[in-house]
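Descriptive analysis of the structure
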Amino acid sequence: MKIRRSGRLVDMTHFLLQHPHHLVPLTFFSERYQSAKSSISEDLSIIKEQFEQQGIGTIVTVSGAAGGVKFISKMGQQEAESVETELKKLLAVPERILPGGYLYMTDILGNPKYVNQIGRLFASIFSDHEIDVVMTIATKGIPLAYAVASHLNVPVVVVRSDNRVTEGSTVSINYVSGSSKRIQTMTLARRSLNAGANVLIVDDFMKAGGTINGMINLLEEFQSRLAGIGVLVESEETEERLVEKYVSVLKLSHVNEREKQIQIVSGNYLECEQKFL
């Protein structure tokens, strides 16, 4: 049965939002709604305009026989700064200070609203990168990684500190923790990554970057490539940074456990402002 334009617009919008970064041929929509490709193109122009005006994302067109349209999840810079401001207020509470200069963030990482917003923000920043997989390390980075991956429409792989029988054979490496300088171990199932995969590393907190540096070294064992690094909070008070190129949403610029003082400022993500709508 042929669907009226109002119905097409609603259904098409829902489909695109559920399939970000997925190339959809115009023939798919044409057959789905029993409408001419010219009508579908007009509908897509309307949706694209609204997506961009509302700061939801954009639609790109890929020409050629194997072409089609692709929804790219984006975030407007104003919304990104609003998300940052709200997270600052939530985190800049002395009671969140943990031993060793860390922050308690479990409540935020367990809140779907904040996790989804952060996921959209990172997806917007890395939208023009070729990404096949999002990688994180257990456990607190997992919800953040899944949020980013859902907006990029790619799978997630989780690096762990121990072997699990359910994951089959694994690859293990030793790495030096940047903050404690201790030698630790991380493992990843052999079936998790393919050779040549482009990997985005996501983590909730970074001090010196030893853990992330370990994941970078682990990628070499799989002959995979680093596509980017995104961290929610980075610590400024560190003697040596083991990771150079990364994107952070927030920066822990000062923390005093004894005096219960904490200061949160903007991360370096604003340098990527061209990535926002």
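What you are looking at is a predicted structure, and each value in this text was computed from that prediction instead of being measured.

Regarding the overall build of the protein
Within the protein, the regular secondary structure consists of eight helices and 12 strands. When its C-alpha atoms are laid out on the principal axes, the protein stretches across 65 × 45 × 30 Å. The proportion of buried residues among the 277 residues of the protein is 48%. Element-wise, carbon and sulfur atoms account for 47% of the exposed surface of the protein, whose accessible area totals about 13,900 Å². In the protein, the 29 positive side-chain charges and the 31 negative ones have mean positions that sit 5 Å from each other.

Some details on the environment of Tyr246
As for its placement among the helices and strands, Tyr246 is situated in the loop between strand S10 (225-235) and strand S11 (247-256). Remark: the alpha-carbon pair of Tyr246 and Ser63, spanning 183 residues in sequence, is separated by 33 Å. If we ignore the near neighbours within four places in the chain, the residues touching Tyr246 are Met206, Ile229, Val231, Glu234, Arg241 and Asn268. Side chain to side chain, Tyr246 and Glu234 meet in a polar contact 2.7 Å long.

Some details on the sheet that holds strand S5 (residues 133-137)
Spatially, S6-S5-S9-S10-S11-S12 is the arrangement adopted by the six strands of the open sheet, whose pairing is mixed. If you trace the sheet from one side to the other, it starts and ends with strand S6 (156-159) and strand S12 (261-266), each paired once. When the angles between neighbouring strand axes are averaged without regard to direction, this sheet yields 25 degrees. Across eight bridges, strand S9 (residues 198-206) lies against S10 in parallel orientation. Looking at the pairing, Phe205 lines up with Val233 of S10.

Side note on the pattern of salt bridges
Where side chains of opposite charge bring their charged atoms close, a pairing between them can arise. Counted under the stated rule, the structure contains 11 salt bridges. When the shortest N-O distance is used, the salt bridge between Arg32 and Asp11 registers 2.8 Å. With Arg32 in helix H2 (residues 26-33) and Asp11 in helix H1 (residues 5-18), this pair connects stretches of sequence that are 21 residues apart. The partly exposed category is assigned to Asp11, whose relative accessible area is 26%. The residue Lys113 makes a salt bridge to Glu86 at a minimum N-O spacing of 3.2 Å. Within this pair, whereas Lys113 is found in helix H6 (residues 112-125), its partner Glu86 is found in helix H4 (residues 77-91), the two being separated by 27 residues in sequence. What makes Glu86 partly exposed here is its relative accessible area of 27%. Salt bridges here are not isolated pairs; linked through shared partners, they connect Arg5, Arg8, Glu42 and Asp43.

Section: the packing of aromatic side chains
For the coordinates displayed, the defined rule picks out seven aromatic pairs. Note on Phe29 and Tyr33: the rings are 6.0 Å apart at their centroids and 5 degrees apart in plane angle, and the pair reads as stacked. Taken together, the residues span about one helical turn, with Phe29 and Tyr33 both in helix H2 at a distance of four residues. The residues Phe29 and Tyr33 share a single accessibility class, namely buried. Arranged with centres 5.4 Å apart and planes meeting at 50 degrees, the rings of Tyr102 and Phe205 form a pair that is tilted. Separated by 103 residues along the polypeptide, Tyr102 in strand S4 (residues 102-103) and Phe205 in strand S9 bring together distant segments of the chain. An aromatic cluster of three or more residues is present, and its members are Phe15, Phe28, Phe29 and Tyr33.

Quick word on unusual backbone geometry
For the bond running from Ala138 to Thr139, omega is 10 degrees, close enough to zero to count as cis. Locating Thr139 in the fold gives a position in the loop between S5 and helix H7 (142-152). Its identity as a non-glycine residue notwithstanding, Asn153 has a phi of 60 degrees, on the positive side. Its place among the elements puts Asn153 in the loop between H7 and S6. For Asn153, a relative accessible area of 40% gives the class partly exposed. At Lys260, a residue that is not glycine, the phi angle is positive and equals roughly 55 degrees. For Lys260, the position within the fold is in the loop between S11 and S12.

So, the layout of surface pockets
Here the second largest pocket is characterised by a volume of approximately 180 Å³. Along its surface, the second largest pocket is lined by Ile125, Phe126, His129, Leu226, Ala227, Gly228, Ile229, Lys245, Tyr246, Val247, Cys272 and Lys275. Broken down by element, the lining of the second largest pocket gets its largest block of residues, four residues, from S10. Of the residues in the lining of the second largest pocket, the class split is eight nonpolar, two polar and two charged.

Thresholds applied
- Residues numbered from 1 in each chain as written.
- Predicted model: local features only at pLDDT ≥ 70, side-chain atom pairs only at ≥ 80, totals over all residues.
- Heavy atoms only, no water.
- Helix = DSSP H or I, 4+ residues; strand = E, 2+ residues; numbered from the N terminus.
- Buried < 20%, exposed > 50% of the residue type's maximum accessible area, 1.4 Å probe, protein only.
- Areas by Shrake-Rupley, 256 points an atom, 1.4 Å probe, with all protein chains shown as cover.
- Lys, Arg positive; Asp, Glu negative; His and termini not counted.
- Charge placed at Lys NZ, Arg CZ, Asp CG, Glu CD.
- Contact = heavy atoms within 4.5 Å.
- Polar contact = N/O pair within 3.5 Å; in protein donor to acceptor, adjacent residues only side chain to side chain.
- Pairing = 2+ DSSP bridges.
- Axes fitted to C-alpha atoms, helices over the stretch in contact; angles between N-to-C directions.
- Salt bridge = Lys/Arg side-chain N within 4 Å of Asp/Glu carboxyl O.
- Phe/Tyr/Trp six-rings, centres within 6.5 Å; stacked < 30°, edge-to-face > 60°.
- 1 Å grid on protein atoms, 1.4 Å probe; cavity = no way out; pocket = protein on both sides within 12 Å on 5 of 7 lines; lining within 4 Å.
- Points joined across faces, edges and corners; volume = space filled by probe spheres on them.
- Nonpolar A, V, L, I, M, F, W, Y, C, P; charged D, E, K, R; others polar.

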